[in-house]
Amino acid sequence: DDFLTSEGAAFSPSELIAYEQLTESSAEYFTSKFRTLITVSKSDFENDSVTAALYRRFPHITGQSPLAMRAVTGLMSYLVRTQKQDMSYMKKLDFYDKEAFLQMDANTRRSLEISESMRTGDKRGSLLWAIDKTSTAMGARLLKKFLDKPSMNCSVIQKRLTGVRELLSSDV
């Protein structure tokens, strides 16, 4: 329950697809804080034909845990069922490893005012607001992602620092 709400605080989902009914407190948190649409669909997560198709289409996923595969199966089944379109445009699957990122609960995130002010709940007054000098929507989303889920991987951090250093020393 705590993990789910702390991840929710980082991702601000507009929709959540669940294997089973969420606890009342989790459901309330997502619907009140993010106006999240919650769909419970156990059958989407147990669709063996979709799982087999995923293994054929993305052979690199073979080593993933059964739980991760159930989650991907649920998501893909749901997308195929609701989007009513071909999913062949999906070229790659990346798995999220929570251990690769600094874990912060919702209270810590709120206290640090990373992406919203404690007083108003707006972006204005937050760390993101103070340092966001991006020119594009994609850049703004990437910066927010970097602040909301800080990497724990030293080589990733070094690459980012090198990029910042290059940008600061150029005329861009």
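These remarks concern the structure in this document. (Residues numbered from 1 in each chain as written. Predicted model: local features only at pLDDT ≥ 70, side-chain atom pairs only at ≥ 80, totals over all residues. Heavy atoms only, no water.)

### Side note on the nonpolar core
In terms of nonpolar packing, the biggest core is built from ten residues, these being Val 50, Leu 54, Phe 58, Ile 61, Met 69, Val 72, Met 76, Leu 79, Met 87 and Leu 93. Secondary-structure elements contributing two or more residues to this core are helix 4 (48-57) and helix 5 (66-83). For this core, the element with the most residues is helix 5, which contributes four residues. When sequence neighbours within four positions are dropped, the list of residues in contact with Met 87 reads Arg 57, Met 76, Leu 79 and Val 80. Grouped together as the second largest cluster of nonpolar side chains are nine residues, Ala 27, Phe 30, Phe 34 and Ala 106 included. (Core = buried A, V, L, I, M, F, W, Y, C linked by side-chain atoms within 4.5 Å. Buried < 20%, exposed > 50% of the residue type's maximum accessible area, 1.4 Å probe, protein only. Helix = DSSP H or I, 4+ residues; strand = E, 2+ residues; numbered from the N terminus. Contact = heavy atoms within 4.5 Å.)

### Here we look at the side chain of Ser 117
With respect to the element layout, Ser 117 can be found in the loop between helix 6 (106-112) and helix 7 (127-131). Polar side-chain contacts of Ser 117 include one of 3.2 Å to the backbone nitrogen of Arg 119. Setting aside its immediate chain neighbours within four residues, Ser 117 contacts Asp 122, Arg 124, Gly 125 and Ser 126. (Polar contact = N/O pair within 3.5 Å; in protein donor to acceptor, adjacent residues only side chain to side chain.)

### Quick look at the environment of Ser 115
Structurally, the position occupied by Ser 115 is in the loop between helix 6 and helix 7. Beyond its immediate chain neighbours, meaning those up to four positions away, Ser 115 contacts Asp 122, Lys 123, Ser 126, Leu 128, Lys 144 and Asp 148.

### Some remarks on the side chain of Asp 148
One can find Asp 148 in helix 8 (residues 137-148). Not counting residues up to four positions away in its chain, the partners in contact with Asp 148 are Ala 10, Met 104, Arg 109, Ile 114 and Ser 115.

### Concerning the packing of helix 1 (residues 2-11) against helix 2 (residues 24-33)
With their axes 10 Å apart at the nearest point, helix 1 and helix 2 run at an angle of 10 degrees to one another. In terms of axis orientation, helix 1 runs roughly parallel to helix 2. Here Leu 4, Thr 5, Gly 8 and Ala 9 of helix 1 lie close against helix 2, whose contacting residues are Ser 26, Tyr 29 and Phe 30. (Axes fitted to C-alpha atoms, helices over the stretch in contact; angles between N-to-C directions. Parallel < 35°, antiparallel > 145°, perpendicular 65-115°, else oblique.)

### A look at the pairing of strand 2 (residues 37-40)
Pairing of strand 1 (residues 15-18) with strand 2, which is carried by four bridges, proceeds in the parallel orientation. In the sheet register, Leu 16 faces strand 2, and the bridge partner there is Ile 38. Remark: the strand 1/helix 2/strand 2 crossover connection has right-handed handedness. (Pairing = 2+ DSSP bridges. Right-handed = clockwise from strand over helix to strand, strands pointing away.)

### Overview of the packing of helix 4 against helix 5
Across the interface, helix 4 lies against helix 5 with an axial gap of 9 Å and an inter-helix angle of 105 degrees. Accordingly, the angle class assigned to the pair helix 4 and helix 5 is roughly perpendicular. Residue-level contacts link Val 50, Thr 51, Leu 54 and Tyr 55 of helix 4 to Met 69, Val 72, Thr 73, Met 76 and Ser 77 of helix 5. Here the residues of the contact of helix 4 with helix 5 are counted per class, giving six nonpolar, three polar and no charged. (Nonpolar A, V, L, I, M, F, W, Y, C, P; charged D, E, K, R; others polar.)

### What about unusual backbone geometry?
With phi around 50 degrees, Glu 113 is a residue other than glycine that occupies positive phi space. Using a relative accessible area of 23% as the deciding quantity, one classes Glu 113 as partly exposed.

### Points about helix 8
End to end, helix 8 covers 16 Å across twelve residues, agreeing with the expected 16 Å (1.5 Å per residue, within 8%). Buried residues of helix 8: Leu 143, Leu 147 and Asp 148, and no others. Down the axis, helix 8 shows its buried residues gathered within 125 degrees of arc, on one side only. For helix 8, the exposed residues lying more than 90 degrees away from the buried face are Met 138, Arg 141 and Lys 145. Of the surrounding secondary structure, the elements contacted by the buried residues of helix 8 are helix 1, helix 6 and helix 7. (Expected span 1.5 Å × (residues − 1). Arc of directions from axis to C-beta.)

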